[in-house]
Amino acid sequence: MIGVTTLDEFIIDRQDDFPFATGDLSRLLRDIGFAAKIVNREVNKAGLVDITGAAGSENIQGEQQQKLDVFADQVFIKALRSGGEVCGIASEENDDFVAFEDDLARNGKYVVAIDPLDGSSNIDVNVSIGTIFSIYRRKSEKGTIANLQDFLQAGTEQVAGGYVLYGSSSMLVYTTGAGVNGFTLDPSIGEFCLSHPSMKTAAKGKIYSMNEGNYYQSHKGIQTYLDNCKKQQMTARYIGSLVADFHRNLIKGGVYLYPGTSSAPNGKLRLLYECNPLAFLIEQAGGKATDGKRRIMEIQPSELHQRCPYFVGSKDMVDEIEGLLNA
Ligand code: P6P
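Residues numbered from 1 in each chain as written. Predicted model: local features only at pLDDT ≥ 70, side-chain atom pairs only at ≥ 80, totals over all residues. Heavy atoms only, no water.

Chemist: Hey, could you run me through the pattern of salt bridges in this one?
Modeler: If the charged atoms of two oppositely charged side chains come close together, the side chains can form a pair. Within this structure, the stated rule accounts for 14 salt bridges. The partner of Arg 41 in a salt bridge is Glu 42, with the nearest N and O atoms 3.5 Å apart. A salt bridge links Lys 315 to Asp 319, with the nearest nitrogen and oxygen atoms 2.7 Å apart. On the criterion of helical spacing, the pair formed by Lys 315 and Asp 319 is a turn pair, its members being 4 residues apart in helix H8 (residues 315-325). By relative accessible area, which is 36% here, Lys 315 ends up partly exposed. (Salt bridge = Lys/Arg side-chain N within 4 Å of Asp/Glu carboxyl O. Helix = DSSP H or I, 4+ residues; strand = E, 2+ residues; numbered from the N terminus. Buried < 20%, exposed > 50% of the residue type's maximum accessible area, 1.4 Å probe, protein only.)

Chemist: I'm lost on the sheet that holds strand S11 (residues 207-209) in this one. Help?
Modeler: Within a sheet, adjacent strands bond to each other through the backbone by hydrogen bonds, running parallel or antiparallel. Within the open sheet, the 5 strands sit side by side as S12-S11-S13-S15-S14. Their pairing is mixed. Of all the strands in the sheet, just strand S12 (235-236) and strand S14 (288-290) have a single pairing partner and so form its edges. Of the pairings in the sheet, the one linking S11 to S12 comprises 2 bridges and is parallel in character. When the sheet's bridge partners are listed, Ile 207 is paired in S12 with Thr 235. Packing against the sheet, helix H7 (residues 271-284) makes contact with S14 and strand S15 (310-313), and its axis sits at approximately 25° to S15. (Pairing = 2+ DSSP bridges. Contact = heavy atoms within 4.5 Å. Axes fitted to C-alpha atoms, helices over the stretch in contact; angles between N-to-C directions.)

Chemist: I keep staring at the sheet that holds strand S3 (residues 86-91) and nothing clicks. Help me out?
Modeler: Strand order in the open sheet formed by 8 strands is S4-S3-S5-S6-S7-S8-S9-S10, with mixed pairing between adjacent strands. Every interior strand has two partners, whereas the edge strands, strand S4 (98-99) and strand S10 (191-196), have only one. Direction of pairing for strand S9 (residues 180-186) relative to S10: antiparallel, over a ladder of 5 bridges. In the strand pairing of S10, Thr 184 is matched with Cys 193. Helix H3 (residues 67-83) contacts S3, S4, strand S5 (110-118), strand S6 (129-137) and strand S7 (158-166) of the sheet and is inclined by roughly 160° relative to S5.

Chemist: What's the story with the pairing of S7 in this structure? I'm lost.
Modeler: Most of S7 sits inside the fold, with 9 of its 9 residues counted as buried. Sheet analysis places S6 next to S7, joined by 8 bridges and oriented antiparallel. Following the sheet pairing, Ile 129 is matched in S7 by Tyr 166. In this structure, S7 lies alongside strand S8 (residues 170-175), joined through 6 bridges in antiparallel fashion. When the sheet's bridge partners are listed, Gly 161 is paired in S8 with Thr 175. In this antiparallel pair of consecutive strands, S7 and S8, the connection spans 3 residues.

Here's what the structure looks like:
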């Protein structure tokens, strides 16, 4: 395509960012892009077909699994299994990780942690939703079955992280540690095309994103921060879909807060497949991600679905929140 860089072309061009790149990660990223197009197609017609209704089953979060959740989970697992680069997947939709047992996949160099469709409670009200993913090198021997230690790696070990935003236009944004690049899906050619090269976020913004229904259950420092935002007449924007809130704040500058509360001290968000990939992206874009005390990517996971308090976005704003939490 003249003048347009597709995701596939970009991945190949940038393969050299990776020492000893053998093309495996490039193929894996393209497999994710392919699966995202399939999910995007179904998300876009969710209102038209009977696929928005709850699937009846529940995921580990105890949330009703919307049919699109289940569909997206299956699409990513199928695409990554058949790609041969991945030996296992940890997904929000599955209580345990899925280790691939066929010969091809057992030789995969990578594991993937994924939230196949985050914000799915918004599906039937037509609000943007997203996929969030992290890619790690496996720890276990090639040719063996993936094990739990392959997945319980700190975020600093990520080789790639990103999200897909299924919105007014659909975008795929990812990093391999050499900056953040955003691709917008052009449905007329069925390709993600580079639209946001080298994304950077402002050190400070005017937007704060939090479910303020949790105000009275939050730490005094959070209450003070929210009070200050109002005194400074900042802009409150909260969609209830992490990927959509994160993406807007990345572009415009701002901070997203999901603190621990008296009833849920570790908050709601999941370290492996929500907090870590977005932390990787925001750091690459010049921002910051913390649990209020620790850099998110330095937290050593102890279980697949563990939660952590989450403050992510413009660095100066995250610093201010940390200061108030530790005053
Ligand atoms: P609350 C969606 O379920 C999600 O994981 C994020 O996408 C979103 O930011 C958050 O939870 C919304 O949670 O408690 O404000 O409804």
